[in-house]
Amino acid sequence: MSLNHVDRQILALLQQDASLSTAEIADKVGLSQSPCWRRIAKLEQDGYIKSKVALLDEKKLGFDMLVYAHVRLSNHGKKNLAEFEKLILSYDQVTECYTMAGTMDFMLRIISQGIEGYEHFVRDNLLSLEYVQEVHSNVTMTCVKRSTALPL
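Residues numbered from 1 in each chain as written. Predicted model: local features only at pLDDT ≥ 70, side-chain atom pairs only at ≥ 80, totals over all residues. Heavy atoms only, no water.

The name that an unreviewed UniProt entry assigns to the protein is Lrp/AsnC family transcriptional regulator, with the source organism given as Pseudoalteromonas nigrifaciens.

In structure tokens, the structure reads:
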């Protein structure tokens, strides 16, 4: 499926507010409700819309520490990589994980309740693994921009 202008408008609106009704979206893009609903269903079916979620306020929930941690493994065997990735998937504090090209193997986005929460997580989870050689932490201070929206 190739996206036309109306499909992109629908996606942009849903990125801003996934709670919009089909009628509200239809009105904003100049369609009637049924064709708009069909387009949204097709966008979901084709995988353009992966899910609809509520974005929560981290600070109100007590998560006031955001750290990007760069992890280097001492042993890059297939078993260690698979085990590390499986463990990372089980940690709720890790909200993103990327394999990296360069001097580090992984970059983790870790959210915690204070520096003590982060230190506890690193000591008990990352540094307890025999094949984790290094963890370099970049503590964030002020969020200048954060968006989940893709440029359409």
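Next up on the list: the packing of helix α1 (residues 5-16) against helix α3 (residues 33-45). Closest axis-to-axis distance for the α1/α3 pair is 11 Å, and the angle between their directions is 80 degrees. Put simply, α1 runs roughly perpendicular to α3. Between α1 and α3, the contacting residues are Val6, Asp7, Ile10, Leu11 and Leu14 on the first element and Cys36, Arg39, Ile40 and Leu43 on the second. (Axes fitted to C-alpha atoms, helices over the stretch in contact; angles between N-to-C directions. Helix = DSSP H or I, 4+ residues; strand = E, 2+ residues; numbered from the N terminus. Parallel < 35°, antiparallel > 145°, perpendicular 65-115°, else oblique. Contact = heavy atoms within 4.5 Å.)

In this numbering, the UniProt entry assigns the feature "domain: HTH asnC-type" (unreviewed entry) to residues 3-64. Between the first and last C-alpha atoms of residues 3-64 the distance is 39 Å; the span itself is 53% helix and 0% strand. (UniProt positions renumbered as here; feature names shortened; annotations may be inferred.)

Turning our attention to helix α2 (residues 22-29). Among the residues of α2, Thr22, Ile25, Ala26 and Val29 are the ones counted as buried. For α2, the buried positions fall inside an angular range of 100 degrees around the axis, keeping them on one side. Structural note: α2 exposes Asp27 and Lys28 on the side pointing more than 90 degrees away from its buried face. Looking at the buried positions of α2, the neighbouring elements they touch are α1 and α3. Downstream of α2 by one or two residues, Gly30 has phi in the positive range, about 80 degrees. (Buried < 20%, exposed > 50% of the residue type's maximum accessible area, 1.4 Å probe, protein only. Arc of directions from axis to C-beta.)

Mapping Ser21 onto the fold places it in the loop between α1 and α2. Remark: the alpha-carbon pair of Ser21 and Trp37, spanning 16 residues in sequence, is separated by 9.5 Å.

Pairing between strand β2 (residues 94-99) and strand β3 (residues 106-112): five bridges, direction antiparallel. The partner of Val94 across the bridge, within β3, is Ile110. Linkage of β2 to β3, two consecutive antiparallel strands, is achieved through a turn of six residues, within which Gly102 is found at a positive phi near 120 degrees. (Pairing = 2+ DSSP bridges.)

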